[in-house]
Structure formats: structure tokens, C-alpha cells
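# Chains, contacts and geometry: an overview
If you want the building blocks of each chain, they are given just below.
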Amino acid sequence: MEHPGTLVLIMALAVLAPLLGYATGRWLPVPVVIFEIVLGVLAGPDVLGWAHHDRVIDTLADLGLSMLIFLAGYEIRFAEVRGPTLRRAGGAWFLSFAAGLGVALLLSGADLAKSLVIGTALTSTALGAVLPILRDSGRLEGRFGSVVMAFGSVGEFGPIIAMALLFSGRSPGAAGAVLAVFAVVTAGAVFWAMRPRPPWFARLIAVTLHSSGQFAVRFVMLMLAGMLGLAHVFGLDTLLGAFAAGMLTRLVLQGAVPERSGEILGRIEAIGFGFLVPFFYIVTGIDFDLAALLDGGRPLLLLPVFLLLFLLVRGVPAYLLAPRDLTGRASRSALGLFASTCLPLVVAITAIGLDEKVIGAGEAAALVAAAMVSVLVFPLLAFRLLGREEGDGGRAVPGRAAETGEAW
């Protein structure tokens, strides 16, 4: 390791972030991820210059992003998101993608490569950030929560598929063929996951769950590593493999040990949200090009433009195609706000755009900064609307969320 001091610094910032979230949560519930990124910016080269990159730091950050997408895939509850609601969510996303691509073509002067990056980034939803908020407020188990889950699931899965098709370096036909083969292999894995597990599987999980064996945790990590490796073999983005691994893990655990799946997930979340995911967000802050955002004026002007586009491109289609049983305007507007909340995939997509040199550092910084503001502002506005609809003056915003969730 070239910079062990940076590793210690990142872990110290990871400890400081929830402390700041707890301290501010009494007045304003600020997502912990905002503190993680901001602290990373402060430690990065554009401010204090304390943090430095090396191969270990970059690898841990990549694992953190994979773990974040894995946990988002695990959150999808197939029984709740299928049917007409899922079809409406899919239609809303395709409408968002068409609108995002059209707007991006106008912004980029018809530069197709840049438009694909910006347009895809505008269509994502931060399901991993939205679900803890709904869970803490008690709305996740109701009809509104299931609708948000459906729209959020498509808002994460759609951009990942788009990334696999458009950013693979292959022609669209070849990329589609490779993706189809990957889908067939994944479908076979789903079929295997849904088969009843032998009795010894559940017994081994129970016996080792409180011992050094930890069979369940090791098995989940094997599934994640296996799907990441499979995506790499097919030349697809590893985020697709991480998302598929999360979905498969839920099927396996719910089918084999439903009574212990919550405890197992808690241990996986401890690895993810306790170590790897904060690492990813803090390194994102370290890499954040603050100088490019503040230099020249245009990137800073793009920040509110992108924030508005998140609402128009992603939120308006969700509002228009919301299920008919969401009759209140406030509920439909809140759905649009939650669907417009984004960050992790925006970071990943802009990183790809920077690596391929199809977008500038200023545009990438403006997109990421706008996504940070969306995570901070849109859920608060959504709860305010829901609170007014319920007649409680917006008191539904969960004050304890900053203390309990990784995202809040």
C-alpha cells in the first residue's frame, strides 16, 4: 500500500459522517452520504490535499460501488413490483430515456456519445437511498411504498442495462446479443435459486451463523463475486453483475431460510454500509473536481439546470404514468420526486464518461453535484407533500432517519 495514511483518513471520515448526520438530524435530516462526499471533497486535492490514490484505495472504492448496487438489487421484492404497476414503471422509464436523450442532444450540440452519457444519467433513481427513508417513515409497506419500489427498481435496472448496451464498446447488435446470452445465463441462475434447497443447507446456515464459519455470509459473497466475474467474462459492466447478484441472493435466502434472511442481510449490510459503501462515497468526494465546477461559470450554471432536468425527465413521466389508484395529486407528485432522487448511478455513469473522454470534468461535476442536491432536497419535498395530503402539516418526515439509515 502506497498511502496507508489515506486509508486511515478515509475510515476516520467514515466514522465522522454519521456523527454529523446525528448532530444535524435534530434540525434537518441530512443523508449521511452527503456528509461522506463533502468530507471527501474537503480531504481531496482541491481543498486540503490530504488524500492520495493508490491501487488498494481504488479497489476498495470499486468494491463499495458493487456492494451498493448489490444491496439495491436485493431490495427488489418481486411479488410487489410485478404486474400493471411494473409495466407503468417501465413505460415511464422508457419515456424518461427518450426525453433525456433528446434534451442531452440539445445541450451537447448533437454530440451523440456525450448525449448518451448525460441522457442515461438523467433517468436513474437512487433506490438504495429512497427505501430507507420510506422504511423509517412507515410508508414502505403500504401501497405508496410498493409503487415507489417498482418505479425505483426500474430506475436502477434500466440505466444499468443501458450502460451495458451503450457503453460496452460494441455495436448495438453485438452488445444486445451478448446481453441476451448473459440474460439467459442469469435466468438459469434464477431458476436454480428458486429451487428448494436441501435440508443441510439451512442447517449449516443456522449452525454457523453465530460462529466463525459464517457460511451464509461467505455464500452471499461468493454469489456476488461470481456474478461480477460473469459480467466481466461477457464484457459487460460489473454493476449489472452486482445488481443480478442482489436479486439472486434474495431468491436464495427467502427460499431456503426465510426466517433468518433478515439477520443474514443485516450482516451483509454491516460489511457494505459499515465499510465498503462509505469508502466508495468518500473516494467519490476525493475525486470530485471542485475546481472544474467553480471554474469558468458554465459548470456551476449547469448544476441547477441538471437538477431541474432530473425532475422533468424522470419525475414528470413517473407523475403521468403513476398507477390510477394513486389518485391524490400530492401522492403522484411525491412519487415523481422520489423517482427523481439519484446519485450512485450518476457517479458511475459520469465516471465512465470521463474515462472514455466523452464528457468534460465540469459537466461531470455538475451532474454529480445536482444528484447530491436531489438526494438532499427531493425526499424532504416529497414528505412535505405527503404530510399535507394526510393533514399533518408535513410532520411525516422521519426525524430518526438520520440516525438509523445509511442513506438518511
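Quantities reported herein were computed from a predicted structural model and do not represent experimental measurements.

What follows concerns helix H1 (residues 4-24). The terminal C-alpha atoms of H1, which comprises 21 residues, lie 31 Å apart, in line with the 30 Å expected from a rise of 1.5 Å per residue. Residues of H1 that are buried: Thr6, Leu9, Ile10, Leu13, Ala14, Ala17 and Gly21. Down the axis of H1, the buried side of the element spans an arc of 150°, and every buried residue falls inside it. Facing away from the buried side of H1 by more than 90 degrees, the exposed set consists of Val8, Val15 and Leu19.

Attention now moves to the environment of proline 323. Secondary-structure assignment places proline 323 in the loop between helix H15 (298-320) and helix H16 (329-340). Sequence separation between proline 323 and valine 147 is 176 residues, and the spatial gap between their C-alpha atoms is 7.8 Å. If sequence neighbours within four positions are ignored, proline 323 has contacts with Thr85, Arg88, Arg143, Val147, Phe151 and Arg332.

Another point: the pattern of salt bridges. Per the stated rule, a full pass over the model turns up three salt bridges. Here lysine 114 makes a salt bridge to glutamate 363, at a shortest N to O gap of 3.2 Å. With lysine 114 in helix H6 (residues 112-121) and glutamate 363 in helix H18 (residues 361-389), this residue pair connects regions lying 249 residues apart in the sequence. Taken as a pair, lysine 114 and glutamate 363 share a single burial class, namely buried. One salt bridge in this structure joins arginine 267 and glutamate 263, with 3.3 Å as the shortest N-O distance.

Rules used in this analysis
- Residues numbered from 1 in each chain as written.
- Predicted model: local features only at pLDDT ≥ 70, side-chain atom pairs only at ≥ 80, totals over all residues.
- Heavy atoms only, no water.
- Helix = DSSP H or I, 4+ residues; strand = E, 2+ residues; numbered from the N terminus.
- Expected span 1.5 Å × (residues − 1).
- Buried < 20%, exposed > 50% of the residue type's maximum accessible area, 1.4 Å probe, protein only.
- Arc of directions from axis to C-beta.
- Contact = heavy atoms within 4.5 Å.
- Salt bridge = Lys/Arg side-chain N within 4 Å of Asp/Glu carboxyl O.

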